[in-house]
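What follows is the residue order along each chain.
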Amino acid sequence: MGAEPRVALSQPIADEVRKTTCYMCACRCGINVHLKDGKIRYIEGNRDHPVNKGVLCAKGSAGIMQHYAPARLRAPLLRTGPRGSGEFREISWDEALETATKWLGEVRARDPRKVAFFTGRDQSQSLTGFWAQQFGTPNYAAHGGFCSVNMAAAGIMTIGGAFWEFGAPDWDRTRLFVMFGVAEDHDSNPIKIGLSKLKQRGARFVSVNPVRTGYSAIADSWVGIRPGTDALLVLSVVHELMKARKIDLDYLIRYTNSPWLVIDAPGTADHGLFARDADDKPLVFETVTERAVPAGSKGARPALSGSFTLPDGRRVQPSFHLLVEKYLDPKYAPEAVAAETGVPAAVIRGLAAEIARAAFDQAIEIDQPWTDIYGERHQSFVGRPVSFHAMRGISAHSNGFQTTRAIHLLQVLIGSVDCPGGFRFEPPYPKPLEAHPTPHGRAEHFGSNKPLSGPHLGFPRGPEDLLIDEQGNPSRIDKAFSWDAPIAAHGMMHMVIANAHAGDPYPIDVLFLYMANMAWNSSMNTAGTMKMLTDKDERTGEYRIPKIIYSDAYDSEMVAYADLILPDTTYLERYDCISLLDRPITEPDAVQDAIRWPVIEPDRDVRGFQSVMLDLGARLGLPGFIGPRGVPLYKDYADYIVRHERRPGIGPLAGFRGREGDRTGRGSANPDQLKRYIENGSFFSAHIPLEAQFFKHANQAYQDFAVKMGFFDTPKPVIFQLYSEPLQKFRLAADGLREPAAPESHRERIKAAFDPLPDWYRPLEEAAVDREEFPYHAISQRPMAMYHSWGSMNAWLRQIHTKNPLYVPGAICDEQGLKTGDWVWLISRHGRIKVEIQRTDAVNGGTIWTWNAIGKRKGAWALDKDAPEGTKGFLLNHLIHELLPPKGDGMRWSNSDPVTGQAAWYDLRVRIEKADPGKEAEPSFPAIRRPVDLPEPPDELRYGQEWAR
Amino acid sequence: MTSLPSLPTPKKLGLVIDLDVCVGCHACVVNCKEWNTGGYGSALSDQHPYGADVSGAWLNRIHTFEVKPEGGEIVAEAGEARIVHFPKSCLHCEDAPCVTVCPTGASYKRAEDGIVLVDEEKCIGCGLCAWACPYGAREMDLAAGVMKKCTLCIDRIYNETFEEVDRIPACVRTCPANARHFGDLADPNSAVSIMVAERGGIDLMPEQGTRPVNKYLPPRPRKPLSAIASMLHEAEDTADAKGFFAWLDGMLDRL
Amino acid sequence: MHPAFSIIFFTTASGLGYGLAAMLGLGVLDPASLSTGIAYLLALGLIGAGLLSSTLHLGNPQRAWRALTQWRSSWLSREGVMAILTFIPLVVSAWAALFERSYLPLPGVIGAVLCAITVYCTAMIYASLKSVQAWGTRLTPVCYLLFAAAGGATLATFFALCGAGAVRSMAFAAIVLIAAAWIAKLRWRDRLLAMEPLSTPESATGLGSIGKVALLERPHVTENYLTREMGFRIARKHAAKLARLAFGLGGIVPVLLLVAILVAGQGAISIVAAILAVLSFGCGILVERWLFFAEARHAVMNFYGQ
Ligand SMILES: Nc1nc2c(c(=O)[nH]1)N[C@H]1C(S)=C(S)[C@@H](COP(=O)(O)OP(=O)(O)OC[C@H]3O[C@@H](n4cnc5c(=O)[nH]c(N)nc54)[C@H](O)[C@@H]3O)O[C@H]1N2
Ligand SMILES: Nc1nc2c(c(=O)[nH]1)N[C@H]1C(S)=C(S)[C@@H](COP(=O)(O)OP(=O)(O)OC[C@H]3O[C@@H](n4cnc5c(=O)[nH]c(N)nc54)[C@H](O)[C@@H]3O)O[C@H]1N2
Ligand code: SF4
Ligand code: SF4
Ligand code: SF4
Ligand code: SF4
Ligand code: SF4
Ligand SMILES: [Mo]
């Protein structure tokens, strides 16, 4: 035996480390980018970073291959061939910006609503939204409408914050965690870190999900529910808890509108609204003095049940009375919902028992005196350590808004919102509905060459805030905030192309898109969408959507369908700002924001989109982007991040403000701010004092903190709205009792969906189709190692998901004589796809599923034309129509939640038929050309070989 | 060097993988690839990276299994199938057959800590060690023509240019679910040994006689919800709302 | 296991070569005959071609010499060392036969023994792999040795016919050896077919205590080195057909031809028969070797649902 070889054990990783923020997904983890010889040697998680605490997911770890992907766009492009052909010529940035300015400026003067500006995976919505407002079009939104607006809207309207990025379970203290419909989510790493903590502590983790992969695989209990029925399950648990008296009455009285008095006057415009005093304060019934007093009156002992008559003769009942009567109804008994949900009664009862046990028998206490907003001093924080989280399994159904409300109802009934061990708000949330704007976009809000009079997006308080004209027609291109989707708080991006193509409610001239693959995986009816993008007006010979400007960083499917391409940098080459004004990365205990900065210089003629927006804004002369003498206000995005002020002293970043960099939240601009961020690992974190950490909605110390930080100018406590008055107002409009009255065509639908108390109704597609013809559900899940469409150009990630099988439950396989590897037709009311299957038994018996967005259009993403992504991979999107089946009167609703307009991706119903073996998945589309003659991708990669030792 | 160390190695460095918390995210897989391309030995190459039959060399891969109970543990609610995500890299076997078959001495097990390594300078790329390994822990790098395998991140764990906390394998450091643990399994008092003892850590394919150092912690038994359904005893007969309101009044008086 | 042509060709060719060389080493052919010299050249050629082909699948053939260093533990290394050692007496014997027309008993016998050892080493490379259960039996070297000897004897029969010696006894020996080889091989295959897998998906994952384990998702969708190398699968139906083909070509046909030679003795027809017997045997062995790999299941496939 010879001597062992010597191994170089102590080589430094690289020459230099630069700390920035990952953007392989929207989780926004901190990363250490190690550079060697000017190239990326290694990316690891930043241990000090509050989001990921050092860990890094598969996508983040594949950043090298993302950054160097051959699919990166290289220069601005102008279309030369027909749309969809992929024929472009490279142009200079000057020409690109002048062209865009000409296209946009002309419409701005003529009819600004004819520019529709929609952004996808946008993390700079506070800039893009501001830009759109200054531009003056009513047609702006980001992707929330097809993503998770059900979560956001239901959460904000019920508890003042949402599961969706605005809160998190108290991972360190919770004893029971119930997760609904989550495969991965935006909190990718924090959820995994959290689940691991639960496991270590022996806390119980229940996953409610038709599919048992990923997180569900490690759950202590898996509830394989039938899609679209979660509200029934939750309300049945509510029913059981009420029957068992396991509810937190003290919490309900303190923090909710349970005691508020609801007017009982059927047939009048006040029916179901809260009785209020002259100052518009809601009234409660005081049981000692037996009279109605304003809610929150000191020392009042409000009634939670009973019927009362107010001095003015109106009959009223505490809203809790209505709530109890509703949910004690035997139709919510476990036995009554078992068949519909597919969950046995004993499991529902077991879940209720487990919730009750953890909430009430294992209550926890943190010794920390605090004062509530009524001035009452408490000796400690008492927690009910049950927490919940929910995402798209709930959100992406047309009953998702109410289902989400049902989950919040359950949380509140057991007193577990923002308590130790419960679901906790992340600042700047909670934020009451009243602190959100109402939407702007009605005719009086805009006009030639002027800004929109207020923000585009917000929350209507009632039908009076809808964006409709005299006749009740939508004023936005996506029909958000119209009778179709009155509380479409995030807009309805998934309807833009279809509506613009149909000229309904009106045609547009320029479609301006950013970071959204609308010609492929983010549209329903993908083939139809591609056709709409290429359809021409027979009379004029012009495209129905005449001009399309698009910004992408890669050669995605959408590129070929645009006329002018503004190529973006990769996430390692630009400044970005993860702002409290936007979708922040805060945590329950700390206020946080972050930046990205160019840790590596672009080697192509590309520009950060945000800087391009600023340039365009200045060229267009938009207020807010040019100074008095027509000089651009900002040099570039970095300059804007530092100097822009939304309100005096409040800018995009909260950290290191003030001349000395010692101010937090409020403070004058600090020219060294970015430098300070970079030194600090590209993030900023300010701890919330312990006294302010819980019951933020009603905690005086937190409210003061929020004002100090600049979230609000005055305290904005939140009273949880279990009974929702705004919803009732829409119902009254549907009854014709309130102005503006809902049109006849919309009345039934609104009455069914706008129950002021959370309820379940059958998902709209399921209700509309023949359930025997389409007996199964088809849903998609996020793969953990792939982010939507943008991982397939990544040489490492694509090896993990090169194609996607259709996972078919064993029972269906046995019934239809199918086995793994067989080909099937999967057929919906809208179309059919031919794909390969894989049998699985760890799934709800009626639910077929696949990984989302693995299928690619041939030729895109710089992949070989024969790449499995294009030949075998597939999308369910081909089967999903953007409209529901026609009704008797020919009217077709958008395939969305009737309250929020949330795209109902997971309502899809299908049947399955065995097919002849195939070579390629169908439908199959011709390959698209790479836009310009980019260098051929290499046939072999030996990344890092020069450093081998 | 092809002979195994004649005495048991004083240290047995290895990984402990917790199947109860692995969510199958592939973070360890990609981070391992990233660390090891441009690190120890030649780069981990990829063939046809943007083509139809893309493949590459990886030192760690995750399989996903479906386990159907057959009279064994009752899982979930009704003996339903269960999914287990299963990471797999070199187990640094004590009786490593991959070492003894190697004709060149390229493959060796370190006497000091038991890490099984390939000295790429000597490797002729015959592939026999990959055949000998029952676990599929060795992959040929087709560009370099040498055998690649998990090095237990030997260029991290002893790396003096690193902070102490970071002297752990890349896959362990990156795992978001903390499903991977690194330590000395020869030391009964090490955290990993204690974990293995407490959780009943197991060997993969013990019948192959390889005596792996790496251990797997089996998934914990699941807890059916239906078993506790009866715990939610009903306080009073409350079939109707009236009973509930009566209770409510009583409770409110006490608050 | 993936039936790589280079390796199949290597074991087949070198088996024939070592078999013939061993026969020559035992002095069964007349050293005075030119055909004996040619037989030596053929033996060396077959061995050389086989060894050359075996280096084809190396990632770094330029370092192949390193494979000679680990003879204490590695059968592959031993095979290499033995192959080289074997060359010494072989070349001496061949030189003697070609230029001196003489038979040197000492190098001859040593050569024959070394040939056997080399073939044994080759076989042990496979037989020592516990990970491939089909191979892990003493029958594996027995088969390799007998097939090598049978091939050598069949070739020797041909050279005997070309004037180098006792045709009938050579043919008889060939028949006996072929029969013995196939008896061993059929027992080998019976074992294969009856084999209870040593490792299962349950033991591979340790999840057997929960239930039956089936693969849901492989780690990477497309083929990788492991699945290409270890994941070869052949349908049982085809395997049975091929096994019959191998037995026919490598057993029945050459035996019948050899019986014909036995009956016919010297003559042109016998020469043709001998050529056909050699070719048929060679083809049969190629098929047999192909199956040797194709039918063998590697333990790693327990992780890949195969
Ligand atoms: N069937 C089905 N369809 C779905 C869903 C589903 O669950 N099932 N989910 C829906 C949901 S929730 C969402 S959010 C959408 C997501 O769908 P999209 O918003 O379309 O998301 P991506 O596919 O990631 O596409 C974003 C585009 O951004 C580009 N891009 C990447 N990095 C950059 C960059 O740095 N700068 C610029 N300018 N561009 C960049 C990418 O190349 C890609 O073309 O999909 C929706 N579609
Ligand atoms: N790795 C990765 N991370 C991502 C993304 C990505 O593409 N890749 N996308 C990001 C985006 S834009 C979003 S919106 C989030 C979404 O993150 P998730 O909410 O995790 O989205 P999905 O993967 O669609 O998961 C939905 C889950 O709900 C289940 N489900 C479907 N229908 C029902 C139902 O009716 N009831 C219940 N209880 N469950 C149901 C599905 O089985 C699936 O497990 O993820 C973000 N994070
Ligand atoms: S979860 Fe992964 S991809 Fe997303 S930001 Fe974090 S490390 Fe990056
Ligand atoms: S796992 Fe395989 S490669 Fe690693 S030591 Fe064991 S036998 Fe060798
Ligand atoms: S491939 Fe390299 S390490 Fe493996 S047995 Fe051959 S020479 Fe040894
Ligand atoms: S220890 Fe290092 S080499 Fe081994 S699997 Fe983990 S990251 Fe890869
Ligand atoms: S990183 Fe951790 S959780 Fe993810 S696959 Fe690897 S071991 Fe499992
Ligand atoms: Mo989304």
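Residues numbered from 1 in each chain as written. Chains lettered and ligands numbered in written order. Predicted model: local features only at pLDDT ≥ 70, side-chain atom pairs only at ≥ 80, totals over all residues. Heavy atoms only, no water.

## Describing the overall build of chain A
The number of helices and strands found in chain A is 28 helices and 35 strands. Taken over C-alpha atoms, the radius of gyration comes to 27 Å for chain A, in line with the 30 Å a tight globule of 949 residues would show. Counting only C-alpha atoms, chain A reaches 85 × 80 × 70 Å along its principal axes. Within chain A, buried positions represent 70% of all 949 residues. At a minimum sequence separation of 6, the contacts of chain A that also span at least 24 residues come to 71%. With the model as given, the accessible surface of chain A reaches about 28,800 Å², and the carbon-plus-sulfur share is 48%. (Helix = DSSP H or I, 4+ residues; strand = E, 2+ residues; numbered from the N terminus. Rg over C-alpha atoms; globule rule 2.2 N^0.38 Å. Buried < 20%, exposed > 50% of the residue type's maximum accessible area, 1.4 Å probe, protein only. Contact = heavy atoms within 4.5 Å. Areas by Shrake-Rupley, 256 points an atom, 1.4 Å probe, with all protein chains shown as cover.)

## Quick word on the interface of chain A and chain C
On the chain C side, the residues contacting the 12 residues of chain A number eight residues. In total, about 780 Å² of surface goes out of reach between chain A and chain C, with carbon and sulfur atoms giving 54% of it. Looking at the side of chain A facing chain C, the largest losses of area belong to Gln799(A), Ile800(A) and Tyr807(A), adding up to 41% of the total buried there. Taken together, the links from chain A to chain C amount to zero salt bridges. At the surface where chain A touches chain C, the tally comes to three residue pairs in polar contact (both at pLDDT 80 or more). Looking at the side of chain A that touches chain C, the elements with two or more residues in it are α26 (797-800) and β32 (832-840) of chain A. Of the residues in the side of chain A that touches chain C, the class split is five nonpolar, five polar and two charged. (Buried area = accessible area lost by both parts, 1.4 Å probe. Salt bridge = Lys/Arg side-chain N within 4 Å of Asp/Glu carboxyl O. Polar contact = N/O pair within 3.5 Å; in protein donor to acceptor, adjacent residues only side chain to side chain. Nonpolar A, V, L, I, M, F, W, Y, C, P; charged D, E, K, R; others polar.)

## Focus: the site of ligand 3
Residue and element names in this part refer to chain A. The full set of residues close to ligand 3 is Cys-22, Met-24, Cys-25, Cys-27, Arg-28, Cys-29, Leu-56, Cys-57, Lys-59, Gly-60, Ser-188 and Asn-189. Of all the secondary structure elements, the ones that give two or more residues to the shell around ligand 3 are α1 (58-61) and α8 (188-201). When the residues that make up the shell around ligand 3 are grouped by side-chain class, the tally is seven nonpolar, three polar and two charged. (Near = heavy atom within 4 Å.)

## Focus: the site of ligand 5
What surrounds ligand 5 is the set Cys102(B), Pro103(B), Thr104(B), Ala106(B), Ser107(B), Cys123(B), Ile124(B), Gly125(B), Cys126(B), Gly127(B), Cys129(B) and Met147(B). Here the shell around ligand 5 is composed, by residue class, of eight nonpolar, four polar and no charged.

## Thoughts on the sheet that holds strand β3 (residues 39-45) of chain A
Residue and element names in this part refer to chain A. If you trace the three strands from one edge of the open sheet to the other, you get β1-β2-β3, paired in antiparallel fashion. Each edge of the sheet is formed by a strand with only one pairing partner; in this case those strands are β1 (16-21) and β3. Neighbour-to-neighbour, the strand axes of this sheet turn through a mean angle of 30°, independent of strand direction. As defined by bridge partners, β1 adjoins strand β2 (residues 30-36) across six bridges and the pair is classed as antiparallel. Bridging across to β2, Val-17 finds its partner in His-34. (Pairing = 2+ DSSP bridges. Axes fitted to C-alpha atoms, helices over the stretch in contact; angles between N-to-C directions.)

## Considering the nonpolar core
Among the nonpolar cores identified, the biggest contains 448 residues, and Leu104(A), Trp131(A), Phe320(A) and Trp135(C) are the most heavily contacted of them. Per-element tally for this core: the top contributor is helix α5 (residues 139-164) of chain C, with 15 residues. Here this core gathers at least three residues from each of two domains, domain 1 (2-217) and domain 2 (225-254) of chain B. Contact partners of Phe320(A), with chain neighbours within four places excluded, come to Met242(A), Ile247(A), Leu249(A), Leu252(A), Ser258(A), Leu304(A), Leu413(A), Phe244(B) and Leu248(B). Counting 11 residues, the second-largest nonpolar core is a separate cluster that includes Leu580(A), Val591(A), Ile688(A) and Met709(A). (Core = buried A, V, L, I, M, F, W, Y, C linked by side-chain atoms within 4.5 Å. Domains from an automatic or database assignment.)

## Notes on the environment of Pro266(A)
Tracing the sequence through the fold places Pro266(A) in the loop between β12 (261-263) and β13 (283-286). It is 47 Å that separates the C-alpha atoms of Pro266(A) and Tyr215(A), two residues lying 51 residues apart in sequence.

## Some words on unusual backbone geometry
All names here are of chain A. Here the bond from Pro-427 into Pro-428 is cis, since omega is 10°, no more than 30 degrees from zero. In this fold, Pro-428 is placed in the loop between β22 (423-425) and α17 (496-502). A cis amide bond links Tyr-429 to the next residue, Pro-430, at an omega of 10°. Within the fold, Pro-430 resides in the loop between β22 and α17. In this structure, Asn-525 is a non-glycine residue whose phi angle is positive, near 50°. On the secondary structure map, Asn-525 appears in the loop between β23 (510-514) and α18 (526-534). Its relative accessible area of 7% is what places Asn-525 among the buried residues.

## So, the packing of helix α13 (residues 334-341) of chain A against helix α14 (residues 345-361) of chain A
All names here are of chain A. The interhelical angle for the contact between α13 and α14, taken along N-to-C directions, is 115°, at an axis separation of 8 Å. By crossing handedness, the relation of α13 to α14 is classed as right-handed. Where α13 approaches α14, its residues Pro-334, Glu-335, Val-337, Ala-338 and Thr-341 are matched on the opposing element by Ala-345, Ile-348 and Arg-349. Of the residues in the contact of α13 with α14, the class split is five nonpolar, one polar and two charged. (Left-handed = near helix turned anticlockwise from the far one by under 90°.)

## A short note on the pairing of strand β34 (residues 909-915) of chain A
Residue and element names in this part refer to chain A. The pairing of strand β29 (residues 776-781) with β34 spans two bridges and is antiparallel. The residue of β34 that forms the bridge with Tyr-776 is Val-910. As paired elements, strand β31 (residues 823-827) and β34 share five bridges and run antiparallel to each other. Note on β34: the bridge partner recorded for Trp-825 is Glu-913.

## Notes on helix α3 (residues 93-110) of chain A
Residues and elements named next belong to chain A. The terminal C-alpha atoms of α3, which comprises 18 residues, lie 26 Å apart, in line with the 26 Å expected from a rise of 1.5 Å per residue. Buried within α3 are the following residues: Trp-93, Ala-96, Leu-97, Thr-99, Ala-100, Thr-101, Trp-103, Leu-104, Val-107 and Arg-108. The inward-facing, buried residues of α3 abut β6 (115-119), α4 (125-135), β23, β24 (547-551), β25 (564-565) and α19 (609-619). (Expected span 1.5 Å × (residues − 1).)

## Brief notes about the interface of chain A and chain B
Counting residues at the interface gives 112 residues for chain A and 100 residues for chain B. Interface area, chain A with chain B, both sides summed: about 8,700 Å², of which 59% is carbon and sulfur. The interface formed by chain A and chain B includes five salt bridges. Notably, a salt bridge pairs Lys199(A) with Asp20(B), separated by 3.2 Å at the nearest N-O pair. The interface formed by chain A and chain B includes 43 residue pairs in polar contact (both at pLDDT 80 or more).

## Things to note about the packing of α3(A) against α19(A)
All names here are of chain A. Running from N to C, α3 and α19 cross one another at 55°; their axes reach a closest spacing of 10 Å. When the axes of α3 and α19 are compared, the pair comes out oblique. Pair α3 / α19 crosses with right-handed handedness. Counting all contacts with α3, which are made through Trp-93, Asp-94, Leu-97, Glu-98, Ala-100, Thr-101 and Leu-104, the residues of α19 involved are Val-612, Asp-615, Leu-616 and Arg-619. (Parallel < 35°, antiparallel > 145°, perpendicular 65-115°, else oblique.)

## Notes on the pattern of salt bridges
Pairs can form between side chains of opposite charge once their charged atoms are near each other. Using the criterion set out here, one finds 95 salt bridges over all chains in the structure. Across the pair Arg79(A) and Asp563(A) runs a salt bridge whose closest N-O atoms are separated by 2.5 Å. Taken together, the residues span a long stretch of sequence, with Arg79(A) in strand β4 (residues 77-79) and Asp563(A) in the loop between β24 and β25 at a distance of 484 residues. Look at Arg79(A) and you get partly exposed, because its relative accessible area is 22%. The class of Asp563(A) is buried, set by a relative accessible area of 4%. Among the ionic contacts, a cluster of salt bridges with common partners joins Lys199(A), Asp220(A), Asp20(B), Arg220(B) and Arg222(B).

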